[in-house]
Amino acid sequence: CLPANQERFANGKLATVRFHPSAQVVMTAGRDRSMAFFQVKNFVLYYNPRIQSIHLESFPIYKACFSVDGEEVIATGTHHKMFFVYDMMSGSITPIEKVRGVEERFLRNFEVSPDGSFILLTGTSGYLHLLSMKTKELISTMKVNGRCAASAFTPDSSKIYSYSKEGEVFIWDVRSRKCLHNFEDEGSLEGKCIAVSKNNQYVACGSASGVVNLYTTDVCLKENHPKPVKAIMNLVTSATCVTFNPTTEILAVASRETDEAVKLV
């Protein structure tokens with residue numbers, strides 16, 4: 001296959017590559033302050049034509065993500081407390097300058113719930129801000145002990161798993177915003193990334209040592225020191241990304257700290 005963004009390579013590091021949930025479109029976004037959209041062709045000989053590119057002035061992009069219906073793109077910056085919402089239908093870009101009740105120096109990491117109802121913003125000092133996807137207004141704030149490294153919704157959007165930099169995982173009930181349970185990730189000195197499988201069977205926790213621990217969700221909800229069903233030790237640098245494929249047969253683990261550090265388990 002030809003490079004997805006052959007028609008317009010980025011001028012800086014790419015932070016995000018995402019496929020549209022329903023259309024044959026791929027988005028790239030990154031440090032060159034731009035988002036670009038390309039139509040994905042099925043044939044090897046064809047270029048993937050660029051549909052559109054958007055420049056955000058003085059806004060190096062940290063993360064960009066499609067909404068579940070694919071009608072919006074949310075983009076956060078590397079050192080900004082605001083974020084942008086791009087409307088795929090109208091082509092309009094709306095800056096969300098301030099969310100009332102959210103006092104943060106900058107907002108970087110976020111997750112969109114699988115049912116499309118919520119955005120979860122990761123703040124500093126362990127704060128998690130749950131926003132309405134529709135209105136972009138604050139619903140509630142939760143707090144983990146220590147600092148939050150990553151979070152993941154369960155497939156039914158009823159729970160949130162939050163992984164602290166101190167190696168502890170907190171499980172939240174989305175409706176009541178109460179902490180249901182917390183457990184320690186075995187051997188973790190610093191938490192980095194977390195993922196929940198699409199069938200809600202497994203939770204994967206990636207740490208700074210490069211170890212990715214795989215747990216079953218039923219054990220995570222009961223025990224404070226659960227034993228992983230598998231410890232994946234193929235990475236030698238920090239595990240910065242873990243994700244399951246849609247059928248829960250493959251787990252991808254990766255590290256951005258060295259070239260070609262991607263393993264499929």
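Description of the structure in this document.

What counts as what
- Residues numbered from 1 in each chain as written.
- Predicted model: local features only at pLDDT ≥ 70, side-chain atom pairs only at ≥ 80, totals over all residues.
- Heavy atoms only, no water.
- Pairing = 2+ DSSP bridges.
- Helix = DSSP H or I, 4+ residues; strand = E, 2+ residues; numbered from the N terminus.
- Axes fitted to C-alpha atoms, helices over the stretch in contact; angles between N-to-C directions.
- Phe/Tyr/Trp six-rings, centres within 6.5 Å; stacked < 30°, edge-to-face > 60°.
- Buried < 20%, exposed > 50% of the residue type's maximum accessible area, 1.4 Å probe, protein only.
- Core = buried A, V, L, I, M, F, W, Y, C linked by side-chain atoms within 4.5 Å.
- Contact = heavy atoms within 4.5 Å.
- Salt bridge = Lys/Arg side-chain N within 4 Å of Asp/Glu carboxyl O.

Attention shifts here to the sheet that holds strand 4 (residues 50-55). For sheets, the rule is that strands pair by backbone hydrogen bonds, running either parallel or antiparallel. Read from one edge to the other, the open sheet built from 4 strands follows the order 1-2-3-4, with strand pairing classed as antiparallel. Bordering the open sheet on either side are strand 1 (14-19) and strand 4, each of which pairs with just one other strand. Across the sheet, the axes of successive neighbouring strands diverge by a mean angle of 15°, strand direction being ignored. Taken together, the 5 bridges between strand 3 (residues 34-39) and strand 4 define a ladder with antiparallel strand orientation. Bridge pairing in strand 4 places methionine 35 opposite isoleucine 54.

Further remarks concern the pairing of strand 12 (residues 138-143). Here strand 11 (residues 127-132) pairs with strand 12 via 5 bridges, running antiparallel. Note on strand 12: the bridge partner recorded for histidine 129 is threonine 141. Counting the residues that bridge the hairpin from strand 11 to strand 12 gives 5 residues, and of these lysine 136 lies at a positive phi of roughly 60°.

Right, let's get into the packing of aromatic side chains. The final tally for this structure, using the stated rule, is 4 aromatic pairs. Seen from their ring centres, phenylalanine 59 and phenylalanine 84 are 4.8 Å apart, and the 85° between their planes marks the pair as edge-to-face. One end of the pair, phenylalanine 59, is in the loop between strand 4 and strand 5 (61-66); the other, phenylalanine 84, is in strand 7 (residues 83-87), with 25 residues separating them in the sequence. The pair phenylalanine 59 / phenylalanine 84 is uniform in exposure class, with both members buried. Ring geometry for phenylalanine 183 against tyrosine 215: centres 5.5 Å apart, planes inclined by 65°, an arrangement best described as edge-to-face. In this pair, phenylalanine 183 sits in strand 16 (residues 179-184) while tyrosine 215 sits in strand 19 (residues 212-216), placing the two residues 32 residues apart along the sequence. Of the two residues examined, phenylalanine 183 and tyrosine 215, each falls in the buried class.

A few words on the nonpolar core. Among the nonpolar cores identified, the biggest contains 16 residues, and Met27, Met35, Phe37, Ile61, Ala64 and Val73 are the most heavily contacted of them. Secondary-structure elements contributing two or more residues to this core are strand 2 (25-30), strand 3, strand 5, strand 6 (72-77) and strand 7. The residues touching isoleucine 61, leaving out its near neighbours within four places in the chain, are Ala15, Ala29, Gly30, Arg31, Arg33, Ser34, Met35, Leu56, Ala75, Thr76, Gly77 and Thr78. Membership of the second largest hydrophobic core comes to 14 residues, among which are Leu107, Val112, Leu131 and Met133.

If you walk through the whole model with that rule in mind, you get 7 salt bridges. Put simply, aspartate 32 and arginine 8 hold a salt bridge, and the shortest N to O gap is 3.7 Å. With aspartate 32 in the loop between strand 2 and strand 3 and arginine 8 in the segment before strand 1, the pair connects residues that are 24 residues apart, well separated along the chain. Of the residues examined, aspartate 32 reaches a relative accessible area of 10% and is grouped as buried. A relative accessible area of 17% means that arginine 8 is categorised as buried. A salt bridge links glutamate 72 to lysine 136; the nearest nitrogen and oxygen atoms lie 3.2 Å apart. One end of the pair, glutamate 72, is in strand 6; the other, lysine 136, is in the loop between strand 11 and strand 12, and 64 residues separate them in sequence. Since its relative accessible area comes to 21%, glutamate 72 is described here as partly exposed. According to the relative accessible area criterion, lysine 136 is buried, its value standing at 9%.

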